[in-house]
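# Architecture at a glance
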Amino acid sequence: MNVKKQFLDGMIYQNPVTVQLLGMCSTMAITTTLFNGIGMGISVLVILTCANIVISLLRKIIPSKVRIACYIVVIAGFVTIVDLLLKAYLPSLSESLGLFIPLIVVNCIILGRAESFASKNGVAASALDGIFQGLGYTVILVIMCVIREFLGNGTFGGGILNGGDGIRLIPEGIPALGMILPVGGFLTLAVVIAAMQYFLNKPKKGSDKKEEVAK
Amino acid sequence: MSEIVMNKKKEPSLAMLVVVLTAISLITALLLGAVNMITAPQIKLNTEKKTAEAMQAVLPTEDGVYTPVEYTGEDSTVQAVYQAGDAGYVVQVKPATSFSGTLSVMVGVGTDGTCTGISIVETGETSGLGSNAGKPDWQAQFVGQSGKVSVTKDGGEINALTGATITSRGVCESVTSALAAAASLG
């Protein structure tokens, strides 16, 4: 078990959103205020970690023919639990995320990690994978929220700071509303992925060329 | 390696597939039942508290008692009508027009047939645009409205929210429906 490698994989090299390109629907849909981004990120982190632990525990019992069905039952169970808990104890978050909490069931990050990691690795490693992948997802959500909220609404920390209105950085009327509409989601995500890929591929390209030259 | 081979030999057993999947589903169902039992009272409390707060906000009564009234009119968007003592009616409307389909508005109607205030009970409108319908400054312009309420773009008096004309129309429709419902009850 390599904690450092798992951490770096989750955050950068195998980041669920920018490298694996999973869970893009929720990434584009809910990243309009910082509160939404952090709330959604933590919800996914908790569900992903729990689902990973259970699936890893059951990996030797679950027959491979019905594994997807089993994974989905486990995931749906945790999603419903989190949904009910949010409704009961954090109604404001539950309201602003709305349908996107139940939709975590079909968020491919969770099924993807169950299939590609938890079903092949031990419990501790799977738990760590859930935490780090969840963190990687949360970080991207937060980055997108900050960009979109700033450009689209002119504020920072909406839903949390300054009584929920956020701190105003651009006077009202100037920000480009489109940035918090779905189209802004596509634009921001594209820019974030492009930036990430640029930095990831920069050193690799150099070494590839050297290899080619050597050949 | 030998383990994997053995596993593969065992797998075709249909009974095993059924047993495992059933067991997992059963355990999950039991867990969900338990969580539901714990959270259900709290969720009910939250909804009741929210509804009560919304009713107090749109048409305050001294004792805070709102009696449900049966509404028999044709408008299917009217969800519930409450009599607020002598002050008038409070009507909950789920308008046909909304951006996300989950808008629900509480409207207070005074005895003179004008709107005394509105409050958004449930909304799934776009955060930062349609969700601004919850802001008191915007809601204030509905106070005193009567008859058919609509946004300026449709020839009415209500200034629509920036970038959320559909939500604004939904709220206007709700107020119109509520006023009509209260008028039909007298």
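Treat the numbers as computed from the prediction; the structure is a model and nothing was measured.

Quick notes on the rules
Residues numbered from 1 in each chain as written. Chains lettered and ligands numbered in written order. Predicted model: local features only at pLDDT ≥ 70, side-chain atom pairs only at ≥ 80, totals over all residues. Heavy atoms only, no water. Helix = DSSP H or I, 4+ residues; strand = E, 2+ residues; numbered from the N terminus. Rg over C-alpha atoms; globule rule 2.2 N^0.38 Å. Buried < 20%, exposed > 50% of the residue type's maximum accessible area, 1.4 Å probe, protein only. Contact = heavy atoms within 4.5 Å. Areas by Shrake-Rupley, 256 points an atom, 1.4 Å probe, with all protein chains shown as cover. UniProt positions renumbered as here; feature names shortened; annotations may be inferred. Pairing = 2+ DSSP bridges. Buried area = accessible area lost by both parts, 1.4 Å probe. Salt bridge = Lys/Arg side-chain N within 4 Å of Asp/Glu carboxyl O. Polar contact = N/O pair within 3.5 Å; in protein donor to acceptor, adjacent residues only side chain to side chain. Nonpolar A, V, L, I, M, F, W, Y, C, P; charged D, E, K, R; others polar. Phe/Tyr/Trp six-rings, centres within 6.5 Å; stacked < 30°, edge-to-face > 60°. Disulfide = S-S within 2.5 Å. Axes fitted to C-alpha atoms, helices over the stretch in contact; angles between N-to-C directions. Left-handed = near helix turned anticlockwise from the far one by under 90°.

## Observations regarding the overall build of chain A
- What chain A contains, in helices and strands, is eight helices and two strands.
- Taken from N to C terminus, the helices and strands of chain A fall in the order α-α-α-α-α-α-α-β-β-α.
- Against the globule reference of 17 Å for 215 residues, chain A gives a C-alpha radius of gyration of 19 Å, in line with a compact fold.
- Along the first, second and third principal axes, the C-alpha atoms of chain A reach 60 × 55 × 25 Å.
- Expressed as a percentage of the 215 residues in chain A, the buried residues total 46%.
- Contacts in chain A between residues at least 24 apart in sequence constitute 76% of all its contacts with a sequence separation of at least 6.
- Carbon and sulfur atoms provide 71% of the accessible area of chain A, an area that totals close to 10200 Å².

## A word on the UniProt feature "modified residue: FMN phosphoryl threonine" (unreviewed entry) in chain B
- The UniProt record annotates "modified residue: FMN phosphoryl threonine" (unreviewed entry) at Thr 165 of chain B.
- Examined against the element boundaries, Thr 165 of chain B turns out to sit in helix α4 (residues 165–185).

## Structural notes on the pairing of strand β3 (residues 88–93) of chain B
All names here are of chain B.
- In terms of residue burial, β3 counts as a mostly covered element, since six of its six residues are buried.
- Looking at chain direction, strand β2 (residues 78–83) and β3 are connected through five bridges and run antiparallel. Directly across from Val 81, in β3, lies its bridge partner Val 91.
- Here β2 folds back onto β3 in antiparallel fashion, the turn holding four residues, of which Gly 85 has a positive phi close to 55°.
- Direction of pairing for β3 relative to strand β4 (residues 104–110): antiparallel, over a ladder of six bridges. Of the residues in β4, the one forming a bridge with Val 91 is Val 107.

## Concerning the interface of chain B and chain A
- Facing 25 residues of chain B, the contacting portion of chain A comprises 29 residues.
- Overall, the association of chain B and chain A removes approximately 2300 Å² of surface from exposure, summing both partners, and the carbon and sulfur fraction of that is 74%.
- Our count for the chain B to chain A interface comes out at zero salt bridges.
- Taken together, the connections running from chain B to chain A amount to two residue pairs in polar contact (both at pLDDT 80 or more).
- Classifying every residue of the side of chain B that touches chain A by side-chain character gives ten nonpolar, twelve polar and three charged.

## Thoughts on the packing of aromatic side chains
All names here are of chain A.
- The final tally for this structure, using the stated rule, is three aromatic pairs over all chains.
- With 5.2 Å between their ring centres and 85° between their planes, Phe 7 and Phe 132 make a pair best called edge-to-face. Of the two residues, Phe 7 sits in helix α1 (residues 3–13) while Phe 132 sits in helix α7 (residues 123–153), which places them 125 residues apart along the sequence.
- Classification of Phe 132 as buried rests on a relative accessible area of 10%.
- On the basis of an interplanar angle of 75° and a centroid distance of 5.3 Å, the ring pair of Tyr 198 and Phe 199 is categorised as edge-to-face.
- Given the relative accessible area of 49%, Tyr 198 is considered partly exposed.
- Since its relative accessible area comes to 58%, Phe 199 is described here as exposed.

## Side note on the state of the cysteines
- One pass over the full model with this rule turns up zero disulfides over all chains.
- You can see Cys 172 of chain B has no disulfide; the closest cysteine sulfur is in Cys 115 of chain B, sitting 10 Å from it.

## Things to note about the UniProt feature "transmembrane region" (unreviewed entry) in chain A
Residues and elements named next belong to chain A.
- Summarizing the sequence annotation, UniProt attributes the feature "transmembrane region" (unreviewed entry) to residues 37–58, 70–90, 96–114, 135–156 and 176–200 in the numbering used throughout.
- The span residues 37–58 shows a helical share of 95% and a strand share of 0%, and its end C-alpha atoms are spaced 31 Å apart.
- Structurally, residues 70–90 comprises 95% helix and 0% strand, and the distance from its first C-alpha atom to its last is 29 Å.

## Some remarks on the packing of helix α6 (residues 108–118) of chain A against α7 of chain A
Residues and elements named next belong to chain A.
- Running from N to C, α6 and α7 cross one another at 145°; their axes reach a closest spacing of 11 Å. Between α6 and α7 the crossing geometry is right-handed. Contacts between α6 and α7 involve Ile 109, Arg 113, Phe 117 and Ala 118 from the former and Ala 125, Ser 126, Asp 129, Gln 133 and Tyr 137 from the latter.
- In terms of residue class, the contact of α6 with α7 is made up of five nonpolar, two polar and two charged.

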